[in-house]
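What the coordinates show
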Amino acid sequence: MKTIKFTLVALFLLTVQSICAESLEKGVSKQLAERRKAAISNVKYNLTFNVPADAKKKVLGEATITFDLNSKDDVILDFQGQFSGQVQIGKKKRPVTYQNEHIIIPFKYLKIGNVELTLEFICNDDALHRNGDYLYTIFVPDHARSVFPCFDQPDLRARFETKLNVPKGWKTMTSDGRYPIPTYLYSFVAGNFQEKAANRDGRKIRALYRETDPAKVLQLEKVFDEVAQSLKWMEGYTGIQCPFEEYGFVVLPGYQFGGMEHPGAIQLSDRRIFLGNNPSQEEELSRSELIAHETAHLWFGDMVSLKWFEDVWTKEVFANFMASKITRRQYSKVDHDLNFMKTYQTRAIAIDRTEGTHPIAMDLDNLRNASMLYDNIIYDKAPVMMRMLERTMGASSLQNGLRSYLAHNFFKNASWDDLLTILDNENPTAGVRQFSDVWVKQKGMPIIHTSYKDGNLIVSQTDPYGRGLCWRQKFQIQVIYPLGASKTVNVDMQQPVMIFKLREKPAILIPNYNGQGYGQFTLDDEYINQLPLRLITTRNNLNRYTLVETIHENYLRGKVNPAYFGELYRMMMSEKDPMIMSAAVDHMFKIAFDLTQAQRNTLELCMMDLLGENRLPECRQAIIRKLASNMTSPGVVEQIRTIWEKHNETIFNEHDYMNMAYRLAMLQPDRWQDILNTERSRLQSEDLRKEFDYVSRACNPDATKRTELFNSLLKPENRQQEPWALHALDLLSADIYAPDNIKYITASLNSLQYLQQTSDIFFPSNWMKTVLAHQKSPAAKQVVEQFLATDKKQPEILKNKVREAAWVLLKQQPYVEKQKPVVVSKSKTAAKKTTKR
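Everything quoted here is computed from the prediction, not taken from an experiment.

A look at the layout of surface pockets
- Space inside the second largest pocket adds up to approximately 910 Å³.
- The element that contributes the greatest number of residues to the lining of the second largest pocket is helix H26 (residues 752–757), accounting for 4 residues.
- Per-class residue counts for the lining of the second largest pocket are 8 nonpolar, 12 polar and 12 charged.

Next comes the structure, spelled out in structure tokens:
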């Protein structure tokens, strides 16, 4: 491509030509999107990118955009990069206006019918993710405009042709552009990658990767198998063959998401794909669910896309809901109801319990704000809602409805309300719209209280926001009588209060026994205190996990004595389910963290002692991983140091040993450099060494250097690998650096909007969770409370991210032992009165 030349005017793009009569805001407003959708169709992009080997040099490009125009309005393209201020229309170059990241092309240069525009440009680097000898693009939710001129809105689908001019030896992968897709699903990858291909069921699957460990590379065969299984299951469930011909994926180090569903060029995190020599069951399940999730997106999200301003969340609910079904076929020995609860329900509740929660469905005024809507409500509560909906209308009715939804909207955009219309026709008696009005369009979760009175079991549901809502759902309550007999009560909660007759007063009540309910489950004090005693005697895995979570939620609300650590310990001595084990370890450490330093040290030693009682590898793996990143007890530090020095346990991967080294270096400042140098010398790949060099800077015992590092992380150019940045931030925010690191909270709160504007989705929320995770002091609490009370600059939706992240710091209630009332008998009272006379 010929060299792009710039005039002085082109270098100052904000002053080009004239100001358009219509005032345009940055991003894509709903008004602009609707206007363009009505006027423009049949879009095609023919794109060329010249990628230099030197990541410091700009990527140059040329775009030829063709489309049909049916309106005499000016045509508005979205673009954040640089261009000459001219657009070639036909054979002539025409001057155009640039305003607030929009290229405005006057209709006087155009015509009704087919239009062809050609522009040469310089890409903005923000969404190119350049990493030395490779790059990859992520355009979700509205970042395509940072790389090339386009109509950057999901409902203006387009076909893409791409030419990548790259250094010799580089490999490339681009989205399958033969079918119309939204701009956020378009992507390209280029760089120094290895390549592997496979054929499964007559389909070629292609992979690019940078991993050099032969044992890990062999895992790609398993990945190819799981891709094929996911494709086959989705084709069977939907009745539609895979809508894209190409299935390619690239495994990226330091990737900021789990994955991204670009058709033909799916992006996946290396940490989720390439597992250690002895991966845990949860790690294998997580990989399978990720592959199933991204594969399901080929139907839900890629073939049928959302109407972005209405339903940001819908593509994710379908993908996770389908992923949970697909993995059931692949892991026959796993309790999938337990896995569903742990993977989705528990995470959703962690947000829904906070004041920062929101409805699953949220309105969007501008695509640039879409990233603020992504969190565990969309990804985790939505699948819970779908499972509730499936139970409400029946599995076959839901499947038939989803098949119709896909068939009617083949390579189109559709909304949640479009689906509700189809589901309502499929099962008119299910009341899907009434169901959706509560579960989808309202925020929060119910408080579901179980009590006993006068021969009746009373289950009452309360709306914590006083709206009088009732979340229709089904769940079980286990009733255990004084002599040991038990009864399971099936609750179909269609109204706020349900009453069930019991033969006698129960000794124990266990709410949500089967984990099918969703909400805050509470009991009267006499029953809540009995729950920990049932941990050791509850044999069913799902029932036991549900009990663990119910106790933990009530512990956070000050209803359960932290002494229940002892009952958790007793359960863990013989626990065999890896998912329950990891949850129990997390809860054990939370109790230890909440206590005094001396008590915490004692409980950490107790956790290490568990390894002598439960010798399952999963138990050792879970406990050592938790303590290695959080230990303070000198006795535990010595034991972890021995494990790290020996470096010979195959149940731990290199990242586990890196985490041990980070914590040891922080706890032993006189040896910090020796520890880090030793760990670095063990690392086998250049990408791993880069990550270690980046993160380990946070272990510096010099507080001034740590503050300099924190301030550098606020700048977008220093956090291109967002997971590395968050890991460094986690170390900087560690409890052993308190109270010095409280100042990072203030700086983070003041920078929140800037972080949102200069990062990918999830990052601002993850940043706040990370900077607050290890804080429990009154001073830290005061900083956050003052911000929430006085700040007028941050959007409310961002302040809600703070409320979510700070819930434990601000709202967790300490347990207070209740004084038992002194009962004085009537005879003694009479005697005292007689004496006084």
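Some details on helix H15 (residues 565–572)
- Burial analysis of H15 places 6 of its 8 residues in the buried class, the great majority of the element.
- Residues of H15 that are buried: Phe 565, Glu 567, Leu 568, Tyr 569, Met 571 and Met 572.
- Against helix H14 (541–556), helix H16 (578–594), helix H17 (597–613) and helix H18 (617–630) lie the buried residues of H15.

A short note on the pattern of salt bridges
- Evaluation of the coordinates by the stated rule reveals 52 salt bridges.
- The shortest N-O distance in the salt bridge between Arg 36 and Asp 78 comes to 2.7 Å. Taken together, the residues span a long stretch of sequence, with Arg 36 in helix H2 (residues 30–39) and Asp 78 in strand E3 (residues 75–78) at a distance of 42 residues.
- Classification of Arg 36 by relative accessible area gives buried; the value is 3%.
- Residue Asp 78 is classed as buried on the basis of its relative accessible area of 0%.
- We note a salt bridge from Asp 225 to Arg 200, for which the minimum N-O separation is 2.7 Å. Linking Asp 225 in helix H4 (residues 220–238) with Arg 200 in strand E14 (residues 194–200), this pair joins segments that are 25 residues apart in sequence.
- Here the residues in one salt-bridge network are Asp 176, Arg 178, Glu 245 and Glu 246, joined through shared partners.

Overview of the sheet that holds strand E13 (residues 188–191)
- Taken together, the 3 strands give an open sheet; going across it, the order is E10-E13-E12, and neighbouring strands pair in antiparallel fashion. In this open sheet, the two edge strands, each paired with only one partner strand, are strand E10 (134–136) and strand E12 (171–174). Strand-to-strand twist across the sheet, computed as the mean angle between neighbouring axes with direction ignored, equals 5°.
- Of the pairings in the sheet, the one linking E10 to E13 comprises 3 bridges and is antiparallel in character. Bridging from a neighbouring strand, Tyr 134 pairs with Gly 191 of E13.

A word on unusual backbone geometry
- Looking along the chain, the bond that leaves Val 140 and enters Pro 141 is cis, with omega of 0°.
- Among the secondary structure elements, Pro 141 is positioned in the loop between E10 and strand E11 (158–165).
- Following Ala 738, the chain continues into Pro 739 via a peptide bond in cis, with omega recorded as 5°.
- Within the fold, Pro 739 resides in the loop between helix H24 (722–732) and helix H25 (742–750).
- Despite not being glycine, Asn 512 shows a phi value in the positive range, around 50°.
- Looking at the secondary structure, you find Asn 512 in the loop between strand E26 (508–510) and strand E27 (520–523).
- When its relative accessible area of 3% is taken as the criterion, Asn 512 is described as buried.

Considering H18
- With 14 residues, H18 should cover 20 Å at 1.5 Å per step; its first-to-last C-alpha distance of 20 Å lies within 8% of that length.
- Residues of H18 that are buried include every one of Cys 619, Gln 621, Ala 622, Ile 623, Ile 624, Leu 627, Ala 628 and Asn 630, and no others.
- Where H18 is buried, its residues contact H15, H16, H17, helix H19 (634–646) and helix H20 (654–667).

Re the packing of aromatic side chains
- Under the definition given, this model contains 41 aromatic pairs.
- Between Phe 435 and Trp 439 the ring centres are 5.9 Å apart and the planes differ by 25°, which places this aromatic pair in the stacked class. Taken together, the positions of Phe 435 and Trp 439, both in helix H12 (residues 432–439) and 4 residues apart, correspond to about one turn of that helix.
- Residue class for Phe 435 comes out buried when judged on its relative accessible area of 1%.
- Here a set of aromatic residues connected by ring pairs shows up, and it is made of Tyr 45, Phe 49, Phe 79, Phe 121, Phe 139, Phe 148, Phe 160, Tyr 186 and Phe 188.
- The side chain of Arg 353 reaches across the aromatic face of Trp 807, ending 4.8 Å from its centre.
- In this structure, Lys 776 packs its charged tip against the face of Phe 593, placed 4.8 Å from the ring centre.

Remarks on the packing of helix H7 (residues 314–330) against helix H8 (residues 336–352)
- At a closest axis distance of 10 Å, the pairing of H7 and H8 adopts a crossing angle of 150°. By the angle between their axes, H7 is roughly antiparallel relative to H8. For the pair H7 and H8, the sense of crossing is right-handed. Judged by residue contacts, Asn 320, Ala 323, Ser 324, Thr 327 and Arg 328 of H7 engage His 336, Asp 337, Phe 340 and Tyr 344 from H8.
- For the contact of H7 with H8, the class distribution of residues is 3 nonpolar, 4 polar and 2 charged.

What about the sheet that holds E27?
- Sheet architecture is open: 4 strands sit in the order E25-E22-E21-E27, paired in mixed fashion. The strands lining the two open edges of the sheet, one partner per strand, are strand E25 (497–501) and E27. Neighbouring strand axes in the sheet, compared pairwise and without regard to direction, differ in orientation by 20° on average.
- Sheet topology places strand E21 (residues 447–453) next to strand E22 (residues 456–462); 7 bridges connect them, and they run antiparallel. When the sheet's bridge partners are listed, Ile 447 is paired in E22 with Thr 462.

Some thoughts on the nonpolar core
- In terms of nonpolar packing, the biggest core is built from 153 residues, with Phe 49, Phe 148 and Phe 249 touching the most fellow members.
- With 10 residues, the top contributor of residues to this core is helix H9 (residues 376–393).
- In this structure, Met 607, Ala 628, Leu 709 and Phe 787 belong to the second largest nonpolar core, which totals 128 residues.

Analysis parameters
- Residues numbered from 1 in each chain as written.
- Predicted model: local features only at pLDDT ≥ 70, side-chain atom pairs only at ≥ 80, totals over all residues.
- Heavy atoms only, no water.
- 1 Å grid on protein atoms, 1.4 Å probe; cavity = no way out; pocket = protein on both sides within 12 Å on 5 of 7 lines; lining within 4 Å.
- Points joined across faces, edges and corners; volume = space filled by probe spheres on them.
- Helix = DSSP H or I, 4+ residues; strand = E, 2+ residues; numbered from the N terminus.
- Nonpolar A, V, L, I, M, F, W, Y, C, P; charged D, E, K, R; others polar.
- Buried < 20%, exposed > 50% of the residue type's maximum accessible area, 1.4 Å probe, protein only.
- Contact = heavy atoms within 4.5 Å.
- Salt bridge = Lys/Arg side-chain N within 4 Å of Asp/Glu carboxyl O.
- Pairing = 2+ DSSP bridges.
- Axes fitted to C-alpha atoms, helices over the stretch in contact; angles between N-to-C directions.
- Expected span 1.5 Å × (residues − 1).
- Phe/Tyr/Trp six-rings, centres within 6.5 Å; stacked < 30°, edge-to-face > 60°.
- Lys NZ or Arg CZ within 6 Å of the ring centre and 35° of its normal.
- Parallel < 35°, antiparallel > 145°, perpendicular 65-115°, else oblique.
- Left-handed = near helix turned anticlockwise from the far one by under 90°.
- Core = buried A, V, L, I, M, F, W, Y, C linked by side-chain atoms within 4.5 Å.

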